[in-house]
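Coordinate inspection notes
Residues per chain, in single letters:
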Amino acid sequence: MNQERLMQVLLAPQISEKATYVAEKHEQVIFRVASDATKPEIKAAVEAAGNKYISTDAQGSAQKQAADIEGLISQKPDVVMVVAFDSDAILPSIKALSDAGIKSIAYDVQFEDPNALYITFDNVGVGRIIAEEVRKAKPEGNYAFIKGDKGDPNATFLFQGMMEVLKADIDS
């Protein structure tokens, strides 16, 4: 991976309705990541900056994710990036990170911790794309919306983007 590409992975702070919501409610900043950035590129960008990258996999288990974080704490990293399997169940582990002086980054799945940095996609934009593709595949008919976890703001933002595209059709 070339150095120029690595410098293009993390782009800038994200300025959007969602970013403003997160900043006001959780005192967190959202950063934009290149839309085509891959996990290996993020890893390489971290390592190119002279940092060590360690990866774990919760395998769909909140308990394993907690154990993984406990193991990471013992390695004394500077930062732990977390894609929370369960945004509520992860909170004691995030507190343990904070208590140990370790910074945390919530990637895509937000958790309630004012000390964590939150990085995500433009979920309103993703919602628009989903609705546009559904409308192409099935321009007429009945649509059902299942928003997902009520505690995850991403579900609301996805729904908002879908409604921006579909509302006129639904109202007509």
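Note that the coordinates shown come from a computational prediction; the quantities given were computed from them, not determined experimentally. (Residues numbered from 1 in each chain as written. Predicted model: local features only at pLDDT ≥ 70, side-chain atom pairs only at ≥ 80, totals over all residues. Heavy atoms only, no water.)

1. Describing empty space enclosed by the protein
Counted according to the given criterion, the structure contains two cavities of 30 Å³ or more. Taken as a whole, the second largest cavity encloses approximately 30 Å³ of empty space. What lines the second largest cavity is simply Ala-62, Gln-65, Ala-66, Asp-86, Ala-89, Ile-90 and Ser-93. Here the lining of the second largest cavity takes three residues from helix α4 (residues 62-75), the largest share from any one element. Of the residues contributing to the lining of the second largest cavity, the split by class is four nonpolar, two polar and one charged. (1 Å grid on protein atoms, 1.4 Å probe; cavity = no way out; pocket = protein on both sides within 12 Å on 5 of 7 lines; lining within 4 Å. Points joined across faces, edges and corners; volume = space filled by probe spheres on them. Helix = DSSP H or I, 4+ residues; strand = E, 2+ residues; numbered from the N terminus. Nonpolar A, V, L, I, M, F, W, Y, C, P; charged D, E, K, R; others polar.)

2. Some words on the packing of helix α6 (residues 123-137) against helix α7 (residues 153-171)
One way to put it is that α6 packs onto α7 with a least axis distance of 7 Å and a crossing angle of 45°. Here α6 lies oblique to α7, going by the angle between them. The chirality of how α6 crosses α7 is right-handed. Residues Asn-123, Val-124, Val-126, Gly-127, Arg-128, Ile-130, Ala-131, Glu-132 and Arg-135 of α6 pack against Asn-154, Phe-157, Leu-158, Gln-160, Gly-161, Met-162, Glu-164, Val-165, Leu-166 and Asp-169 of α7. Its residues assigned to classes, the contact of α6 with α7 comprises nine nonpolar, five polar and five charged. (Axes fitted to C-alpha atoms, helices over the stretch in contact; angles between N-to-C directions. Parallel < 35°, antiparallel > 145°, perpendicular 65-115°, else oblique. Left-handed = near helix turned anticlockwise from the far one by under 90°. Contact = heavy atoms within 4.5 Å.)

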